[in-house]
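A look at the structure
Listed here are the chains, written in short residue letters.
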Amino acid sequence: QKEVEQNSGPLSVPEGAIASLNCTYSDRVSQSFFWYRQYSGKSPELIMSIYSNGDKEDGRFTAQLNKASQYVSLLIRDSQPSDSATYLCAVMGRAAGNKLTFGGGTRVLVKP
Amino acid sequence: KAGVTQTPRYLIKTRGQQVTLSCSPISGHRSVSWYQQTPGQGLQFLFEYFSETQRNKGNFPGRFSGRQFSNSRSEMNVSTLELGDSALYLCASSLFNGNEQFFGPGTRLTVL
């Protein structure tokens, strides 16, 4: 079992719709969770961080964390063609120091 | 505030050579982490430095090494290059352990 798992996609969504991305992790003591966006040929860009159970909203993005289910998700509302990218889920555990463990990423395609 | 910078951006080497990559973190950030990104393995953690000390290391051979200077700038070195070392090498900086990490543009290394 991979430490951090994501559906590779592509997740195809029409412009203006909600894109829903999921991520599960195996380390129960994980404490910090991050979503990065990576455009082709570019480096990852941090878009959300979440540390406690529940929802966290930032503009069109909402991160949801459920530690009991070891599950974190990202919702992108009013999806735009510029949101087309690979979204990486990253997890940091207390025992792992400052190490981020990444999922394989979900490729999102927003169609006009 | 300037972001994370990495030099060089592109590098072509031949097998057996060695290479040194450089990373300057965001001003005030004291933690620098290095990651390797390949299409097959995704993003993998190499090592992390804080206050000139390596605090965490990933599962890479001893050919991969790094260091951090008193101004928080960091270098990583790969000796005896192999074809499989071809990858995008990413540096990320954070204020302190467990905090959000911000990536630089990366160094794309090609080993021929």
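Criteria and cut-off values
Residue numbering note: each chain is counted from 1, following its sequence as written. Written order determines the labels here, with chains lettered from A and ligands numbered from 1. It should be noted that, the model being predicted, local features are given only for residues of pLDDT at least 70 and side-chain atom pairs only at 80 or more, the latter also being counted only at that level, while totals for whole chains, interfaces and linings use all residues. As a rule here, side-chain values come from all non-hydrogen atoms in the structure, and water together with hydrogens is ignored. In this text, helices come from DSSP runs of H or I with a minimum length of four residues, and strands from runs of E with a minimum of two, each type numbered from the N-terminal end. We take the radius of gyration over the C-alpha atoms and set the globule estimate at 2.2 Å times the residue count to the 0.38 power. Residues count as neighbours in contact if any of their non-hydrogen atoms are within 4.5 Å of one another. Cavities and pockets are found on a 1 Å grid laid over the protein atoms alone: a cavity is a set of points where a 1.4 Å probe fits but cannot escape, a pocket is an open set with protein on both sides within 12 Å along at least five of seven lines, and a lining residue has an atom within 4 Å of such a point. Grid points are joined across faces, edges and corners, and a volume is the space filled by probe spheres set on the points. Under this grouping Gly is polar, as are all residues other than the nonpolar Ala, Val, Leu, Ile, Met, Phe, Trp, Tyr, Cys and Pro and the charged Asp, Glu, Lys and Arg. Computed with a 1.4 Å rolling probe, the buried area is the accessible surface lost when two parts are put together, summed over both parts. Between Lys or Arg on one side and Asp or Glu on the other, a salt bridge is scored when a side-chain nitrogen of the former is within 4 Å of a carboxyl oxygen of the latter. In the analysis that follows, any N or O atom pair within 3.5 Å is treated as a polar contact, provided that within protein one partner can donate a hydrogen and the other can accept it, and provided that, for residues neighboring in sequence, both atoms belong to side chains. The pairing criterion for strands is at least two bridges between them, as found by DSSP. For every element, the axis is a line fit to its C-alpha atoms; helices are fit only across the contacting stretch, and the angle between N-to-C directions ranges from 0 to 180 degrees. Each residue is assigned to one of three classes by its accessible area relative to the maximum for its type, calculated with a 1.4 Å probe on protein chains only: buried under 20%, partly exposed between the two thresholds, exposed over 50%. Two aromatic rings, drawn from Phe, Tyr or Trp (for Trp, its six-membered ring), form a pair once their centres lie within 6.5 Å of each other, and the interplanar angle then sorts them: stacked below 30 degrees, edge-to-face above 60, tilted otherwise.

A few words now on the overall build of chain A. If you tally the helices and strands in chain A, you get zero helices and 11 strands. Reading the helices (α) and strands (β) of chain A from amino to carboxyl end gives β-β-β-β-β-β-β-β-β-β-β. The C-alpha atoms of chain A give a radius of gyration of 13 Å, which matches the 13 Å a tight globule of 112 residues would have. Here the analysis covers contacts within chain A between residues at least 6 apart in sequence; of these, 54% occur between residues at least 24 apart.

Moving on, we get to the environment of B:Thr7. Residues and elements named next belong to chain B. For Thr-7, the location among the structural elements is in strand β1 (residues 5-7). In this structure the C-alpha to C-alpha distance between Thr-7 and Asn-97, which are 90 residues apart in sequence, comes to 24 Å. For Thr-7, the residues in contact, after removing those within four places along its chain, are Leu-21, Ser-22 and Thr-107.

Bringing the layout of surface pockets into the picture now. In this structure, the largest pocket encloses a volume near 840 Å³. Where the lining of the largest pocket is concerned, the elements lending two or more residues are β9 (85-93) and β10 (101-102) of chain A together with β4 (31-38) and β5 (42-50) of chain B. When residues of the lining of the largest pocket are assigned to their parent elements, the largest contribution, four residues, is made by β5(B). Of the residues belonging to the lining of the largest pocket, the class tally is 10 nonpolar, 15 polar and five charged.

The subject of this paragraph is the interface of chain A and chain B. Taken residue by residue, the interface counts 17 residues in chain A and 20 residues in chain B. Together, the buried faces of chain A and chain B total about 1,400 Å²; carbon and sulfur atoms form 52% of this surface. The tally of links between chain A and chain B comes to zero salt bridges. Remark: the boundary between chain A and chain B carries five residue pairs in polar contact (both at pLDDT 80 or more). Contributing elements (two or more residues each) for the side of chain A that touches chain B: β4 (30-38), β5 (45-50) and β9 of chain A. The leading source of residues in the side of chain A that touches chain B is β4(A), at four residues.

The next point concerns the sheet that holds strand β8 (residues 71-76) of chain A. All names here are of chain A. Reading across from one edge, β1-β3-β8-β7-β6 is the order of the five strands in this open sheet, with antiparallel pairing throughout. Only two strands of the sheet have a single partner each, and these edge strands are β1 (4-6) and β6 (54-58). Across the sheet, the mean angle separating the axes of adjacent strands is 20° when strand polarity is ignored. Sheet topology note: the β6/strand β7 (residues 61-66) ladder contains five bridges and is antiparallel. In the sheet register, Gly-54 faces β7, and the bridge partner there is Leu-65.

Attention now goes to the environment of A:Ser79. Residues and elements named next belong to chain A. As for its placement among the helices and strands, Ser-79 is situated in the loop between β8 and β9. Under the relative-accessibility criterion, Ser-79 is labelled buried at 1%. Considering only alpha carbons, one finds Ser-79 and Phe-33, 46 residues apart in sequence, at a separation of 22 Å. If we skip the residues at most four places from it in the chain, Ser-79 touches Val-13, Pro-14, Glu-15, Gly-16, Ala-17, Ile-18, Ala-19, Arg-60 and Val-110.

Before going further, it helps to examine the side chain of B:Thr107. Residues and elements named next belong to chain B. Following the sequence through the fold, Thr-107 ends up in strand β11 (residues 107-111). Looking at Thr-107, its side chain comes within polar contact range of the main-chain oxygen of Pro-8, at 2.5 Å. Excluding anything up to four places from it in sequence, Thr-107 contacts Gln-6, Thr-7, Pro-8, Arg-9, Leu-21, Ala-87, Leu-88 and Tyr-89.

Summed over all chains, the structure comprises 10 aromatic pairs over all chains. Residues A:Phe34 and A:Tyr51 carry aromatic rings whose centres are separated by 6.0 Å and whose planes lie at 90° to one another, so their mutual orientation is edge-to-face. With A:Phe34 in strand β4 and A:Tyr51 in the loop between β5 and β6, this residue pair connects regions lying 17 residues apart in the sequence. For A:Phe34, a relative accessible area of 1% gives the class buried. Classification of A:Tyr51 by relative accessible area gives partly exposed; the value is 34%. Summarising the aromatic geometry, the rings of A:Tyr36 and A:Phe102 are spaced 5.7 Å apart at their centres and angled 50° between planes, so their arrangement reads as tilted. Placement of the pair is A:Tyr36 in strand β4 and A:Phe102 in strand β10, with a sequence separation of 66 residues. What links up through ring pairs into an aromatic cluster is the set A:Tyr36, A:Phe102, B:Tyr35, B:Phe45 and B:Phe103.

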